[in-house]
Amino acid sequence: MKKILFIVGTLTAGGMERVNTVLANKLGETQDVFLYTIRGDTESFYPLTVPLIKNYKTESSKFRLNILRLSGLLHIKFINHLIYKREADKIINIINEKKPNTIVFNAENILCLPYVKKKFPNINYISWLHSSADIYLNRVFRGIQKDFTNALEQSDKVVCLTKEDNTIFQSFNKNTVSISNPLTIDNHQISTLDAKIISWTGRLAHPVKGLDYLAEIANHLPEGWQISVAGSGNEKILDRFIKKYKVEDKIIRRGALIGGALNEHYFNSSIYLMTSRWEGFSLVLAEAMSFGLPIVAFKQSGSNEVLEGGYYGVLIENGDIEQIVDALLELIASKEKRIEYQKKSLDRVKDFNLNSIAAQWENII
């Protein structure tokens, strides 16, 4: 039996956090699995059946990354070294206690991987990347790209989410594989596609999730149609866009949803809308597809992967409000068209079966 340690920032509401808990739970059926929240001291937002090791206090990931970027741009390397070493020391303490065979570093946490590997060179190190290569290289790790690519190079395996990103990450580590995120929702319901509701799910984060696009699109919906928004985060910025486009009556605020409440959110809608400017995989698309919802999404690496270039859903050039509104209006006007795309959604979602995805992970662990 393998001992597997997943290292995440926190386990609050979010796509990365959800797939970590689902995959850890699944692998935990046959392996000795535990998670460590390196910057969080709260319980997991999502159900966990494997042990959780919590940090002694909550720390801001955004503040930490800003410090790293700034010191990187100013070439103050000793500050970065101190931050990486401090985090590595925490992980080293966990390794001494739990003695894992494999460690899965998530997203920005891979920055301390080289420091841990120096102490324990014989552990199997996997870097799991949840966003696109472009976003990591040119936005998230701007100013500290060398630290990021060094961590990639020292990983035994790099796991990304799309074929497009695999091509780019291969230039840093030939042992890069693309593994889709698994479907994380337990669902046996198919939408009737009769409700005058368009569903939207995600963190209320801007600009990544395109909250401005969401409100502007809502402004063009016909009378009686609304967008049901499930997610938590920056409520104030969403409020600002809702007021700007005067769509208080067009947007239903659901808050963060899990379990049966999330299922109802999808089941009681007829179309799924994605407005993200960038996504690593678009887990919510797979969720919506499992309910047979037709998908309309702005094009980025994540939606392009899930929809296979537009075969399994409607892909619109990112930011083209006129075209995405036209696509929505076409589906709104024709239930036959919605049923056509429902069949495509139900066909595609079979590829994201949890057992299949877990088997791919077991192969690299």
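So, a few notes on the structure that sits alongside this text. (Residues numbered from 1 in each chain as written. Predicted model: local features only at pLDDT ≥ 70, side-chain atom pairs only at ≥ 80, totals over all residues. Heavy atoms only, no water.)

Some details on the packing of aromatic side chains
So, point 1. Across all of its chains, the model carries 13 aromatic pairs by this definition.
So, point 2. Aromatic side chains Phe-6 and Trp-128 sit 6.5 Å apart centroid to centroid with 65 degrees between the ring planes, which places their arrangement in the edge-to-face category. Taken together, the positions of Phe-6 in strand β1 (residues 3-8) and Trp-128 in strand β5 (residues 124-128) put the pair 122 residues apart, joining distant regions of the chain. Grouping residues by exposure puts Phe-6 and Trp-128 together as buried.
So, point 3. Clustering of aromatic rings is evident, with ring pairs tying together Tyr-136, Phe-141, Phe-148 and Phe-169.
So, point 4. The positively charged end of Arg-240 is found above the aromatic ring belonging to Phe-241, 5.0 Å away from the centroid.
So, point 5. Seen from the ring of Tyr-311, Lys-344 lies directly overhead, with NZ or CZ sitting 4.8 Å from the centre. (Phe/Tyr/Trp six-rings, centres within 6.5 Å; stacked < 30°, edge-to-face > 60°. Helix = DSSP H or I, 4+ residues; strand = E, 2+ residues; numbered from the N terminus. Buried < 20%, exposed > 50% of the residue type's maximum accessible area, 1.4 Å probe, protein only. Lys NZ or Arg CZ within 6 Å of the ring centre and 35° of its normal.)

Quick look at helix α10 (residues 259-267)
So, point 1. Among all positions in α10, only Leu-262, Asn-263, His-265 and Tyr-266 are buried. The arc enclosing the buried residues of α10, seen along the axis, measures out at 155 degrees, which places them on a common side.
So, point 2. In this structure, the buried residues of α10 make contact with α1 (15-27), β8 (197-201), β9 (226-230), β10 (251-255), β11 (271-274) and α11 (283-290). (Arc of directions from axis to C-beta. Contact = heavy atoms within 4.5 Å.)

With respect to helix α6 (residues 145-154)
Helical geometry: 3.6 residues make up each α-helical turn, so side chains three or four residues apart lie on a common side.
So, point 1. Taken residue by residue, α6 has Phe-148, Thr-149, Ala-151 and Leu-152 as its buried positions. Axial view of α6: buried residues confined to an arc of 155 degrees, hence all on one face.

A word on the pairing of strand β6 (residues 157-160)
So, point 1. Where β5 lies against β6, three bridges are found, and the strand directions are parallel. Bridging from a neighbouring strand, Trp-128 pairs with Val-159 of β6.
So, point 2. Note that β6 and strand β7 (residues 176-178) share three bridges and pair parallel. In the sheet register, Val-158 faces β7, and the bridge partner there is Thr-176.
So, point 3. For the crossover from β6 across helix α7 (residues 163-169) to β7, the handedness is right-handed. (Pairing = 2+ DSSP bridges. Right-handed = clockwise from strand over helix to strand, strands pointing away.)

Structural notes on the pattern of salt bridges
So, point 1. Taken as a whole, this structure holds 17 salt bridges when the rule is applied.
So, point 2. A salt bridge links Glu-108 to Arg-39; its shortest N-O distance comes to 3.2 Å. With Glu-108 in the loop between β4 (102-106) and α4 (113-119) and Arg-39 in the loop between β2 (32-37) and β3 (52-54), the pair connects residues that are 69 residues apart, well separated along the chain.
So, point 3. Classification of Arg-39 as buried rests on a relative accessible area of 1%.
So, point 4. With its nearest N and O atoms 3.7 Å apart, the salt bridge here joins Glu-308 to Arg-348. Here Arg-348 lies in helix α14 (residues 335-348) and Glu-308 lies in the loop between α12 (301-306) and β13 (314-316), a separation of 40 residues in the sequence. (Salt bridge = Lys/Arg side-chain N within 4 Å of Asp/Glu carboxyl O.)

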